Amino acid sequence: MSQTNYYQNLLNFLRQDLSLPAESLAVAERTACNAIDNSNNLPIILWQYGLISLEELDRIFDWLEKF
């Protein structure tokens, strides 16, 4: 699977399963754009900015392992 599809699936999971608002994702994505691999850093950035809880971060990592 291409990196683009992987990243889009991650964004879909964040929007649909975690119900993250578009504004929260936009903030994290702007920060992640400066990172080498934003798909791996996006969950951490969301957590660092207080946009997701530690439990939600765990759910994201569980999803990433299965994906």
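Refer to the structure above for everything that follows.
Residues numbered from 1 in each chain as written. Predicted model: local features only at pLDDT ≥ 70, side-chain atom pairs only at ≥ 80, totals over all residues. Heavy atoms only, no water.

Attention now moves to the packing of aromatic side chains. Under the defined criterion, the tally for this structure stands at three aromatic pairs. Here Phe13 and Trp63 contribute two aromatic rings whose centre-to-centre distance is 5.1 Å and whose plane-to-plane angle is 20 degrees, an arrangement assigned as stacked. In this pair, Phe13 is assigned in helix α1 (residues 3–16) and Trp63 in helix α4 (residues 54–66), connecting sequence segments 50 residues apart. Given the relative accessible area of 8%, Phe13 is considered buried. Here Trp63 and Phe67 contribute two aromatic rings whose centre-to-centre distance is 4.8 Å and whose plane-to-plane angle is 20 degrees, an arrangement assigned as stacked. Taking relative accessible area as the criterion, Trp63 reaches 17% and is therefore assigned buried. An aromatic cluster is built from Tyr6, Phe13, Trp63 and Phe67, whose rings are joined through pairwise contacts. (Phe/Tyr/Trp six-rings, centres within 6.5 Å; stacked < 30°, edge-to-face > 60°. Helix = DSSP H or I, 4+ residues; strand = E, 2+ residues; numbered from the N terminus. Buried < 20%, exposed > 50% of the residue type's maximum accessible area, 1.4 Å probe, protein only.)

Next up on the list: the nonpolar core. If you look at the biggest cluster of nonpolar residues, it comprises 19 residues, and the most contacted ones within it are Leu10, Leu14, Leu20, Leu42, Leu46 and Ile60. Residue assignment for this core shows that the elements contributing at least two residues are α1, α2 (22–32), α3 (38–48) and α4. Ranked by residue count, the leading element in this core is α1, at six residues. In contact with Leu14, other than residues within four places in its own chain, are Ser19, Leu20, Leu25, Leu42, Leu46 and Ile60. (Core = buried A, V, L, I, M, F, W, Y, C linked by side-chain atoms within 4.5 Å. Contact = heavy atoms within 4.5 Å.)

In this section: the side chain of Ser24. Within the secondary structure layout, Ser24 lies in helix α2. Judged by relative accessible area, Ser24 falls into the buried class, the value being 13%. Setting aside anything within four residues of it in sequence, one finds Ser24 in contact with Leu46 and Leu51.

Everything listed is a geometric property; what it means functionally is a separate question.
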